[in-house]
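# Architecture at a glance
Single-letter residue listing:
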Protein chains: 2
Amino acid sequence: MPYRAPLSDFRFLLGRVVGFGQVAATDLFAEAQPETVEAILSEAGRLCENTLAPLNRAGDKEPARLENGVVRTSPGYADGYRAITAGGWVGIAAAPENGGMGLPLTLATCVNDMMGSACLALQLNPLMTQGQIEALEHHASDAIKALYIPKLISGEWCGTMNLTEGGAGSDVGALRTKAERNGDGTYAVTGQKIFITWGDNDFSGNVCHLVLARLPDGAPGTRGISLFMVPKFLPNDDGSLGPRNSLKVVSLEHKLGLHGSPTAVMSYEGATGWLIGKEHGGMAAMFTMMNNARLGVGMQGVAVAEAAFQQALTYASERKQGKTPLGDGAIIDHADVRRMLGQMKAEVFSARAIGLACAVALDMARATGDAAWAARAALLTPIAKAYGTDVGNEVAYMGVQVHGGMGFIEETGAAQFGRDVRVTAIYEGTNGIQAMDLVGRKMMDGGEAAFRLLGEIEAAARAARAHLPDLSTDVWNAAEGLREGTEALLTMAPNDRNAGAVPYLRAFARVLGAHYHLTAALADPSRLPLARFMIRRLLPEHTAMLAQMREGAEGIYALTPEALVG
Amino acid sequence: MPYRAPLSDFRFLLGRVVGFGQVAATDLFAEAQPETVEAILSEAGRLCENTLAPLNRAGDKEPARLENGVVRTSPGYADGYRAITAGGWVGIAAAPENGGMGLPLTLATCVNDMMGSACLALQLNPLMTQGQIEALEHHASDAIKALYIPKLISGEWCGTMNLTEGGAGSDVGALRTKAERNGDGTYAVTGQKIFITWGDNDFSGNVCHLVLARLPDGAPGTRGISLFMVPKFLPNDDGSLGPRNSLKVVSLEHKLGLHGSPTAVMSYEGATGWLIGKEHGGMAAMFTMMNNARLGVGMQGVAVAEAAFQQALTYASERKQGKTPLGDGAIIDHADVRRMLGQMKAEVFSARAIGLACAVALDMARATGDAAWAARAALLTPIAKAYGTDVGNEVAYMGVQVHGGMGFIEETGAAQFGRDVRVTAIYEGTNGIQAMDLVGRKMMDGGEAAFRLLGEIEAAARAARAHLPDLSTDVWNAAEGLREGTEALLTMAPNDRNAGAVPYLRAFARVLGAHYHLTAALADPSRLPLARFMIRRLLPEHTAMLAQMREGAEGIYALTPEALVG
C-alpha cells in the first residue's frame, strides 16, 4: 500500500512540540524559515512517495548480490540513489562551503525519517555517507575535506564505516586490523572487517571506507586505534579516479531483512589509507560519527514504525470480517484492532518527538555553543536510538498482528517491515549498550541534565493543569517518579545501574512520550484523544520499569550459568 | 546449536508444580505412573534431540514446494515424519480402542513441546492430525472412527483442518463453501479454502481433510455450518485406497516462517465428503478441535521459546567480547545479557507451567467429569494460547538480541525462531480473539472459575509466608489486585471488556506465572533465584496492564479513523 509522507505531523512537531522555532531563530540557521522548511518537507515527501517507496519490495525480493567480486544492487536502486543525490538530500545538513545546504540536522532528520519509511535498505546508504561527511568535517585535514566532501554530497562517491571485526563487535578495542606508515604520509591498512553496510555498490564512482586500525605503536584497547580513509579507487588530486586500491568484498551476508542493502565482509591487503584526525585518536572521530548515527538509527525505527502503521491502518480500514460493535464496517471498528492502531500511532508520535527533540538540541548546541544544549543532546541520544528502534520493532509486530493471517504472507509486505527493522535495535550499539550509556556516561554529571529536563517536564505539566487537570497530574506524577528513580539510580554501583539500564531507559522514554503528547494536546485539542491514550494506557508501564530498575544486579547474578542451564 | 530436551523441567513441573499426581491417581489414567512418564519423556526427548532438531534449518532453507500439483516436502521431513509416527507419538493421548496409548493429554503436551522445539514446521503436521483424531473421537460415526483413527495414529494417513476462506477468517460464519447431499449418504463439497496447514505432503498415503461447509438449507452464519471428512483418496471399506477425490492444491503460500510446512490454497470441486457430527452442527465439532488445538499452539510458543533460549544461552556462554564485570568471561557475565537470559528462562517456565496446568485440568475434567475442572481448563485455555505464543515471540526476539549482529544473519538460526513462531500469535484465533474469549465467554460464569483460581493462588501465597515472606506477599497482593480488576471487569459492558481484553489477559498470565514460580521455589530452593527474578522484576507489569484494562472502550473509539490518519 502506498506510503504517504506524514507532513502535517512534521509541521506540527516542529512548530508546536519540540521547539524548532528556537533553531530557526539562531544566526547559524537563519535560512530555516517556514517557507524553506515547507519546501524541504514537501519535496522530500514527494521523492519518498513516488520514487523510493516503490523500491522497497523489489529490494527484499531481489537482494543485492556479489558477482565475481562486484556487488550488483537490487532493481531500481541505482535510479533511487540518483534521485536522492540529485535532490541534494545527502548534504542537507552539511556545511555550505563543501556543497551542503547548511540546514539544521532537525530537517535532515525529518527527511531521513521519510526516506527510511519509503525504503530503509536504500536509505541506509546516504545515512552512512552523512555520518562520514560529519566525521570528515570535524576531523579531516582541509585537503581531504576539499577532495571528498563535495563528491560525497553530490553522490558521485559513497561513504562507509568499518568498525566491526569477527572478534571485535561491541568491544571495538579488540580489533586486529593493522596500519603501517608508508613514509609518504599515507598508510598501508591490512585486515578484515565484517558487517560493513553498503560495503560496495554498482552506482557510485567510488566507495570511501573509513576504517579503524591500529598502528604498530598503538596501545592495546581503544586508546591505540586510528582512523583512516581507504577509498576503493585512489583519487588523484583533481578528484579523478586513479588505480584500484588493495581492498575487496569477500562475501555478502544472508540477512533476516534489509536484503537490498549489501552487508559485506571487507578485506584490506595493504590498502592505501589517509589518516583522519590524529594518530591513536580514531575513537574520538568514530564517536562523532556514531553519536549522530545513533540518532539516525533511532529515526530508522520511527520510520519503519510509521510505514508499518500506515499499512496496517489502510488494511484495517478496508478489511471487512463479520459484524463489529459499530455495525458492518471494517475491522478497524473492533475495539482490540483500534487499540492496536492507537498504540502504534501513539508510539510513533512519542518516538518521533524524542528523536526530533534530540536533533533540536544538537542544532542548538552547534548554533549557540551552550553546554546545556549539548548535555541535553547527549542525554537524549541513547533514548532516541533505543526507544526509537524498540518502537520500530514493536509497531512492525503489531502491524503484522492487525493483518491477521495475511500478515504472515510475505507478499503482504507487513512482515518485511519487521525483518528490516530488526537490526536497528542491534547496530550502532545494541539497545542494551545505549541503556548503559544512559545510566553511565550520561549520568556522570550527577544527573544534572536529567533533572533539568524533568524540571521542564514538571513545569509544563503544572502549566497544563488548568486545561487538562487529570492528564497533567498523571504526567507530573510520572516525572516525579522518574526523578526519584533517577536519584536512586545515582546512588547505585555501576553494575547495579547496568542491571537496570534497559528498564530505566524505557521508563524515561515513557515519561518523555507522555510529556510530548501532553504538549501536543495543549497546542491542538484534536490531538487530545491520542494524548489521553498515551498517558492513561501506556504511561503506567513506567512504574513497573522503575521497580525493575531498583532491583540492581545481585538478583541477576544469583541466576548462575548452572541455574540457567537447569 | 544442538537442542537438549528439558527433561528435568518437565519432571519438576509435573511432579511439584502443576499437580500431575492428581491425574495419575485417577482410574482413567492409572497407567500414567512415574516409570511410564519417565520412559515417555526420555524416549521422546531422544527423538527430538537426535532426529528432529537436525531438520529445522533444512526445512527453512529448502521450503516445501508445489510441483505439477504435488507437494514436495523439505529434505529429511519424510524420515522425520516416519520417526514420529513409528514412536506412536501421534496417538499418545488417543483412545486405546483405536490404537492410541490412552495417556493423559498432559504427557502429549510435554512431547509436543519437545517436538515443537526441535522442528516446529514438522511438528505442525502431527498436531493437526491429533486435533482431527480428537474431533473424530467426539463426533464421528463408529464406522468413520474405525476406518480413520487407526490410520491417523499409525501415520499411514494425515489430518488437516479446513476452516478459513478468503472472506472468512476470524469470522468463520461467513464461509461460502457448499455441500450438497448426494443421496447415498455422502456429500459433494465445493469451494476454496486458504491457509490450510500441511494441505498435502509426499509421505503419507492419504490426507484427510476436515472441511467446514454449508448445506443448501443451512442458516447463514455459524449456525448453518456442517463438518465433512473429505479425503484426498476415497478409502474402500477395508481401508485400502480407491480413486482420487475431486480436490487439489492450488498453490502454496510464501511465508515469513515455517517454510517446511506447506500452507495450501485448497480447491474442492464436488469432492466426496462424509458428515462428521450432525448436519448444521459443524461448529460444535470444530470447537472441540480448536480448543485443544489452542493449547497445542500455546505450547508451540513455549517450545520455540525454549529452543531460542537454549541457543542464546549457549552463545552467551561461549562468546567473549572484552572484559565483563566478573572478569574475562563470556558475555553472559554482562548484567544486561544475564538479565535477558533470566527473563527468557522465567517466561518459558511461566508459560510452560500455565500450559501444563491447563492440560492437567483437561485431563482431570475428562477423568472425573467434574465441572469445576472443565471450567478451570476453559479459563486457562485462552491464556495458555495467547501468553504462550507471546512468550514465544518475545523470547525469540530476545534470543536475537543476545546474539547481537550475528542474530541478524540467517545462518545463525536465531532469526528463524522468530520467523517461525510469529504466526502462532495469529492462527487458531488471534491473541486478541483469545483475550476476548477470556473476558467474554469465560466470564459468563460471573467470574466463578477465575475467583476460585485466585482463591487458590492467595491460599498458596499465605501458606508460603513463613518461608518466603517477601515474595509471597508480592504474589498475594498481585492476586488481590487481579481479583479487584476482575470484579471491575465484570461490571463493564461487553465492548469495554474487549477494549481491555489483551492487557487483562497479560495481567492474569503475570499473576499465574508468579504463582507457579513461588510454588517452584517452595518445592526446591535452587529455583528461588528465578522465582525472585519473576516476582520482583516481571510481576509488577500486571498493575500497568490492569490500569489499561480499566480504561474501557470510550477512549479507544475517540481515536476516530480520521484522527488516526492524522
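Quick caveat, the model's predicted, so the values are computed rather than measured.

Right, let's talk about the overall build of chain A for a bit. Per the secondary structure count, chain A includes 21 helices and 11 strands. Its C-alpha radius of gyration of 24 Å places chain A within 12% of the 24 Å reference for a compact globule of 566 residues. The principal-axis extents of the C-alpha atoms in chain A amount to approximately 70 × 60 × 55 Å. When each of the 566 residues of chain A is scored for burial, the buried share is 64%. A sequence separation of at least 24 residues applies to 75% of the contacts in chain A between residues at least 6 apart. With the model as given, the accessible surface of chain A reaches about 18500 Å², and the carbon-plus-sulfur share is 53%. Once the 49 positive and 59 negative side-chain charges of chain A are each reduced to a mean point, those two points are 3 Å apart.

Residue and element names in this part refer to chain A. Within the structure shown, the criterion is met by 0 disulfides over all chains. The cysteine cysteine 110 is free of any disulfide, with cysteine 48 supplying the nearest cysteine sulfur at 11 Å. For cysteine 110, a relative accessible area of 0% corresponds to the buried category.

Residues and elements named next belong to chain B. As for its placement among the helices and strands, glycine 15 is situated in helix 1 (residues 7-17). On the basis of relative accessible area, glycine 15 is assigned to the exposed category, the value being 54%. For glycine 15 and alanine 146, which are 131 residues apart along the polypeptide, the C-alpha to C-alpha distance reads 36 Å.

Here the UniProt-annotated "domain: Acyl-CoA dehydrogenase/oxidase C-terminal" (unreviewed entry) positions come out as residues 281-438 of chain A. A distance of 24 Å separates the end C-alpha atoms of residues 281-438 of chain A, which is 76% helix and 0% strand.

This next bit is on the relation of the copies chain B and chain A. Mapping chain B onto chain A calls for a screw motion: a turn of 180 degrees about the axis and a shift of 0.0 Å along it, with 0.0 Å RMSD after fitting. Such a combination of rotation and displacement between the chain copies is what one expects of a two-fold axis.

Our next topic: the UniProt feature "domain: Acetyl-CoA dehydrogenase-like C-terminal" (unreviewed entry) in chain A. The sites that UniProt annotates as "domain: Acetyl-CoA dehydrogenase-like C-terminal" (unreviewed entry) are residues 454-559 of chain A. Within residues 454-559 of chain A, the helical portion is 81% and the strand portion 0%, while the C-alpha atoms at the span's ends are 35 Å from each other.

Here helix 14 (residues 448-464) of chain A is 17 residues long and its end C-alpha atoms lie 24 Å apart, about the 24 Å a rise of 1.5 Å per residue gives. Of the residues making up helix 14 of chain A, those classed as buried are Ala449, Ala450, Phe451, Leu453, Leu454, Ile457, Glu458, Ala461 and Ala464 of chain A.

Turning our attention to the domain arrangement of chain A. Residue and element names in this part refer to chain A. Taken domain by domain, chain A comprises domain 1 (31-282), domain 2 (290-428) and domain 3 (430-553). Centre-to-centre separation of domain 2 and domain 3, based on C-alpha positions: 19 Å. If you look at the interface, domain 2 gives 30 residues, while domain 3 gives 28 residues. Buried area between domain 2 and domain 3, both sides added, is near 2500 Å², and the carbon and sulfur share of it is 64%. When the shortest N-O distance is used, the salt bridge between arginine 376 and glutamate 456 registers 2.8 Å. Seen at the junction of domain 2 and domain 3, the total is 13 residue pairs in polar contact (both at pLDDT 80 or more).

A word on the pattern of salt bridges. Residue and element names in this part refer to chain A. In total, this model carries 65 salt bridges over all chains according to the counting rule given. For arginine 338, the salt bridge goes to aspartate 333, with nearest N and O atoms at 2.8 Å. Take arginine 338 and aspartate 333: they sit in the same class, and that class is buried. Through salt bridges with shared partners, one network takes in Glu347, Glu394, Arg506, Arg510 and Glu541.

The next point concerns the packing of helix 10 (residues 335-368) of chain B against helix 17 (residues 501-523) of chain B. Residue and element names in this part refer to chain B. Two numbers describe how helix 10 lies on helix 17: the axes approach to 9 Å, and their chain directions differ by 95 degrees. If you check the angle between helix 10 and helix 17, you find them roughly perpendicular. Contacts between helix 10 and helix 17 pair Ala346, Glu347, Phe349, Ser350, Ala353, Ile354 and Ala357 from the former with Arg506, Ala509, Arg510, Leu512, Gly513, Tyr516, His517 and Ala520 from the latter. Class assignment of the residues belonging to the contact of helix 10 with helix 17 gives a composition of 9 nonpolar, 3 polar and 3 charged.

Because an α-helix packs 3.6 residues into every turn, residues spaced three or four apart end up facing the same way. All names here are of chain B. Taking 1.5 Å of rise per residue, the 19 residues of helix 3 (residues 34-52) would be expected to cover 27 Å, and the 25 Å separating its terminal C-alpha atoms lies within 8% of that figure. Looking at helix 3, one finds that the buried residues are Val37, Ile40, Leu41, Ser42, Ala44, Gly45, Leu47, Cys48 and Leu52. Elements in contact with the buried residues of helix 3: helix 1, helix 2 (20-24), helix 4 (56-61), helix 5 (77-86), helix 6 (105-118) and helix 7 (120-139).

Residues and elements named next belong to chain B. The pairing of strand 8 (residues 233-235) with strand 9 (residues 241-244) spans 2 bridges and is classified as antiparallel. Bridging across to strand 9, phenylalanine 233 finds its partner in arginine 244. Remark: 5 residues form the turn of the hairpin made by strand 8 and strand 9, two consecutive strands paired antiparallel; glycine 239 in that turn has positive phi of roughly 90 degrees.

Counting residues at the interface gives 85 residues for chain B, matched by 84 residues for chain A. The contact between chain B and chain A buries some 7200 Å² in all, and 62% of this surface belongs to carbon and sulfur atoms. Contact with chain A buries surface across chain B, with Phe408, Arg537 and Leu564 of chain B losing the most and accounting together for 12% of the total. The interface formed by chain B and chain A holds 2 salt bridges in total. A salt bridge links arginine 536 of chain B to glutamate 551 of chain A; the nearest nitrogen and oxygen atoms lie 3.0 Å apart. Counting across the chain B and chain A interface gives 40 residue pairs in polar contact (both at pLDDT 80 or more). The element contributing the most residues to the side of chain B that touches chain A is helix 10 of chain B, with 8 residues.

Counting residues in hydrophobic clusters, the biggest one holds 185 residues, and the most contacted among them are Leu52, Leu136, Leu341 and Tyr504 of chain B. Among the elements that line this core, the one with the most residues is helix 10 of chain B, at 19 residues. Judged by nonpolar contacts, the second largest core, of 184 residues, contains Ile84, Phe508, Val511 and Leu539 of chain A.

As a further point, take the packing of aromatic side chains. In total, this model carries 12 aromatic pairs over all chains according to the counting rule given. With 4.9 Å between their ring centres and 55 degrees between their planes, tyrosine 187 of chain B and phenylalanine 228 of chain B make a pair best called tilted. Residue tyrosine 187 of chain B is located in strand 5 (residues 187-197), and its partner phenylalanine 228 of chain B is located in strand 7 (residues 225-231); the two are separated by 41 residues in the primary sequence. Judged by relative accessible area, phenylalanine 228 of chain B falls into the buried class, the value being 0%. An aromatic cluster is defined as three or more aromatic residues linked by ring pairs; in this entry it consists of Tyr77, Tyr81, Trp198 and Phe203 of chain A. Looking at lysine 151 of chain A, its charged tip hangs above the ring of tryptophan 157 of chain A, at a distance of 5.5 Å from the centre.

Now for the packing of helix 11 (residues 371-403) of chain A against helix 12 (residues 414-421) of chain A. All names here are of chain A. Contact geometry for helix 11 and helix 12: axes closest at 8 Å, N-to-C directions at 160 degrees. Taken together, the axes of helix 11 and helix 12 are roughly antiparallel relative to one another. As helix 11 packs across helix 12, the resulting crossing turns out to be left-handed. Between helix 11 and helix 12, the contacting residues are Gly392, Asn393, Ala396, Val400 and His403 on the first element and Ala414, Ala415, Phe417, Gly418 and Val421 on the second. Here the residues of the contact of helix 11 with helix 12 are counted per class, giving 6 nonpolar, 4 polar and no charged.

How each quantity is defined
- Residues numbered from 1 in each chain as written.
- Chains lettered and ligands numbered in written order.
- Predicted model: local features only at pLDDT ≥ 70, side-chain atom pairs only at ≥ 80, totals over all residues.
- Heavy atoms only, no water.
- Helix = DSSP H or I, 4+ residues; strand = E, 2+ residues; numbered from the N terminus.
- Rg over C-alpha atoms; globule rule 2.2 N^0.38 Å.
- Buried < 20%, exposed > 50% of the residue type's maximum accessible area, 1.4 Å probe, protein only.
- Contact = heavy atoms within 4.5 Å.
- Areas by Shrake-Rupley, 256 points an atom, 1.4 Å probe, with all protein chains shown as cover.
- Lys, Arg positive; Asp, Glu negative; His and termini not counted.
- Charge placed at Lys NZ, Arg CZ, Asp CG, Glu CD.
- Disulfide = S-S within 2.5 Å.
- UniProt positions renumbered as here; feature names shortened; annotations may be inferred.
- Least-squares fit on C-alpha atoms with pLDDT ≥ 70 in both.
- Expected span 1.5 Å × (residues − 1).
- Domains from an automatic or database assignment.
- Buried area = accessible area lost by both parts, 1.4 Å probe.
- Salt bridge = Lys/Arg side-chain N within 4 Å of Asp/Glu carboxyl O.
- Polar contact = N/O pair within 3.5 Å; in protein donor to acceptor, adjacent residues only side chain to side chain.
- Axes fitted to C-alpha atoms, helices over the stretch in contact; angles between N-to-C directions.
- Parallel < 35°, antiparallel > 145°, perpendicular 65-115°, else oblique.
- Nonpolar A, V, L, I, M, F, W, Y, C, P; charged D, E, K, R; others polar.
- Pairing = 2+ DSSP bridges.
- Core = buried A, V, L, I, M, F, W, Y, C linked by side-chain atoms within 4.5 Å.
- Phe/Tyr/Trp six-rings, centres within 6.5 Å; stacked < 30°, edge-to-face > 60°.
- Lys NZ or Arg CZ within 6 Å of the ring centre and 35° of its normal.
- Left-handed = near helix turned anticlockwise from the far one by under 90°.

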